[in-house]
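Observations on the model geometry
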Amino acid sequence: MTDSAYIGRFAPTPSGYLHFGSLVAALASYLDARHAGGQWLLRMEDLDPPREMPGAQAAILRTLEDYGFEWDGQVLYQSQRLAAYAAVVEQLLERGLAYACTCSRKQLEGHAGRYPGTCRAAGHALQGTAIRLRVPDCTYHFTDRVQGMFSQALQEAGDFIIRRRDGLFAYQLAVVVDDAWQGVTDVVRGADLLDSTPRQLYLQQLLGLPQPRYLHVPLIIQPDGQKLGKRYRSPPLPAQQAAPLLLRALRALGQQPPGALHDAMPHEVMRWAITHWQAARIPRCASLAEAQLP
Ligand code: GLU
Ligand code: ZN
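Residues numbered from 1 in each chain as written. Chains lettered and ligands numbered in written order. Predicted model: local features only at pLDDT ≥ 70, side-chain atom pairs only at ≥ 80, totals over all residues. Heavy atoms only, no water.

Turning our attention to the overall build of the protein chain. Within the protein chain, the regular secondary structure consists of nine helices and 12 strands. In terms of C-alpha radius of gyration, the protein chain reaches 20 Å, essentially the compact-globule figure of 19 Å for 294 residues. With the principal axes as the frame, the protein chain shows a C-alpha extent of 65 × 40 × 35 Å. Taken over 294 residues, the protein chain has a buried fraction of 51%. When the accessible surface of the protein chain is totalled, it reaches about 13900 Å², and 52% of it is carbon and sulfur. Positive and negative charge centroids in the protein chain, built from 29 and 27 side chains respectively, lie 5 Å apart. (Helix = DSSP H or I, 4+ residues; strand = E, 2+ residues; numbered from the N terminus. Rg over C-alpha atoms; globule rule 2.2 N^0.38 Å. Buried < 20%, exposed > 50% of the residue type's maximum accessible area, 1.4 Å probe, protein only. Areas by Shrake-Rupley, 256 points an atom, 1.4 Å probe, with all protein chains shown as cover. Lys, Arg positive; Asp, Glu negative; His and termini not counted. Charge placed at Lys NZ, Arg CZ, Asp CG, Glu CD.)

In structure tokens, the structure reads:
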């Protein structure tokens, strides 16, 4: 199958090294794109300098190279796209779809993570305030290629931040602007972002942008129920372990690499995996045992 219209991407945040869970997501997006004869783009989501870990950007690129990933074109850095995000925020404000919010973290406590709409009609001036997008009272549905039908009322999270008080742009805004700008047709990423997708669909609709297809790969759950890589600060994935860890990631994705690949080089594992990729085999959930982590 070839589909040169396919454009996929991997979009790491340099707040830490790649961990096994991010390797699984990167691999799924890479194989899905390459199997379809499509492009695979790399985007560094370096929107939040205070949360960035020094050295993480270089380490992420290095790990991807060591593991046999080959991306098309130059890496896109979100830190160089601020003017584009600012223009979109401006447009949303002008259309009355967004507003300034002066609430402190303390004021927002006790609403179970849902913004209560305090500043909706306040008409605050924009200086030094957060900017929130007004969300309508409606439910968004989409069909994920692995997780199936997903629906969510936008009001569950309430009006959400698109630009923070400190002037930094929010992930939700930047991801939508850049997926469209890069022509991404297929978003393949971790299931931790499943419940961000309805907000992204809403933004796409407001901005008149095309909706990509979505595939959310299962998170790797540890025996204690923790999501991998979130609580524990993971060390970098070791270059010498590239082939065995790729094989484990493939198994976590429901693929069945032959035993003969055990002593292969990363590029050989990748070559096999591109040819034999079957997205339909990806399980909705994966346990640590399936991934056979050390
Ligand atoms: N930068 C996000 C992360 O590392 C992923 C964004 C996305 O794939 O939409 O969790
Ligand atoms: Zn407010």
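That was the structure; now back to the text.
It is worth spelling out the site of ligand 1 at this point. Around ligand 1, the surrounding shell consists of R9, A11, T13, E45, Y171, V175, R189 and L193. Within the contact set of ligand 1, a nitrogen atom lies 2.7 Å away from a side-chain nitrogen or oxygen of T13. In isolation ligand 1 exposes 300 Å². Once the protein is present, 80% of that is buried. (Near = heavy atom within 4 Å. Polar contact = N/O pair within 3.5 Å; in protein donor to acceptor, adjacent residues only side chain to side chain.)

Right, let's get into the coordination of the zinc ion (ligand 2). The coordination sphere of the zinc ion (ligand 2), as far as protein atoms go, consists of C101 (SG), C103 (SG), Y115 (OH) and C119 (SG), spread over 2.1 to 2.3 Å. Because the angles between the four donor atoms bound to the zinc ion (ligand 2) fall within 101 to 122 degrees, the donor set is best described as tetrahedral. Sequence spacing of the donors to the zinc ion (ligand 2): C-x1-C-x11-Y-x3-C. On the criterion of sequence distance, the pair formed by C101 in strand β4 (residues 98-101) and C119 in the loop between α4 (105-108) and β5 (130-133) is long-range, its members being 18 residues apart. Taken as a pair, C101 and C119 share a single burial class, namely buried. (Donors = N, O, S within 2.8 Å, 3.2 Å for Na, K, Ca; no water. Tetrahedral: all angles 85-135°; square planar, octahedral: opposite > 155°, others 65-115°.)

On to the packing of helix α5 (residues 171-181) against helix α6 (residues 197-207), then. Helix packing for two helices is described by the angle between their axes and how far apart those axes are. In contact at an axis separation of 10 Å, α5 and α6 are set at 55 degrees when each is read in the N-to-C sense. Here α5 lies oblique to α6, going by the angle between them. Like other packed secondary-structure pairs, α5 and α6 cross with a definite hand, here right-handed. Packed against α5, whose contacting residues are Y171, Q172, L173, V175 and V176, the element α6 presents R199, Q200, L203, Q204 and L207 at the interface. (Axes fitted to C-alpha atoms, helices over the stretch in contact; angles between N-to-C directions. Parallel < 35°, antiparallel > 145°, perpendicular 65-115°, else oblique. Left-handed = near helix turned anticlockwise from the far one by under 90°. Contact = heavy atoms within 4.5 Å.)

In this section: the side chain of D159. Within the secondary structure, D159 sits in the loop between β7 (148-153) and β8 (160-163). Only 2.6 Å separates the side chain of D159 from the side chain of Y99, close enough to count as a polar contact. Here R120 takes part through its side chain, which lies 2.7 Å from a polar atom of the side chain of D159. Discounting chain neighbours no more than four positions away, the residues touching D159 are Y99, Y115, R120, R132, L133, R134 and V135.

According to UniProt, the feature "binding site: Zn(2+)" (unreviewed entry) maps to C101, C103, Y115 and C119 in the numbering used here. Spatial clustering of the annotated residues is evident: they stretch over 19 residues in sequence, but the largest pairwise C-alpha distance comes to 10.4 Å. With a relative accessible area of 1%, C101 lands in the buried category. (UniProt positions renumbered as here; feature names shortened; annotations may be inferred.)

Glancing now at helix α7 (residues 242-252). Of all 11 residues that make up α7, nine are buried, and the element is covered over most of its length. Along α7, the residues that are buried comprise A242, A243, L245, L246, L247, R248, A249, L250 and A252. Looking one or two residues beyond α7, the residue adopting positive phi is G254, at roughly 80 degrees.

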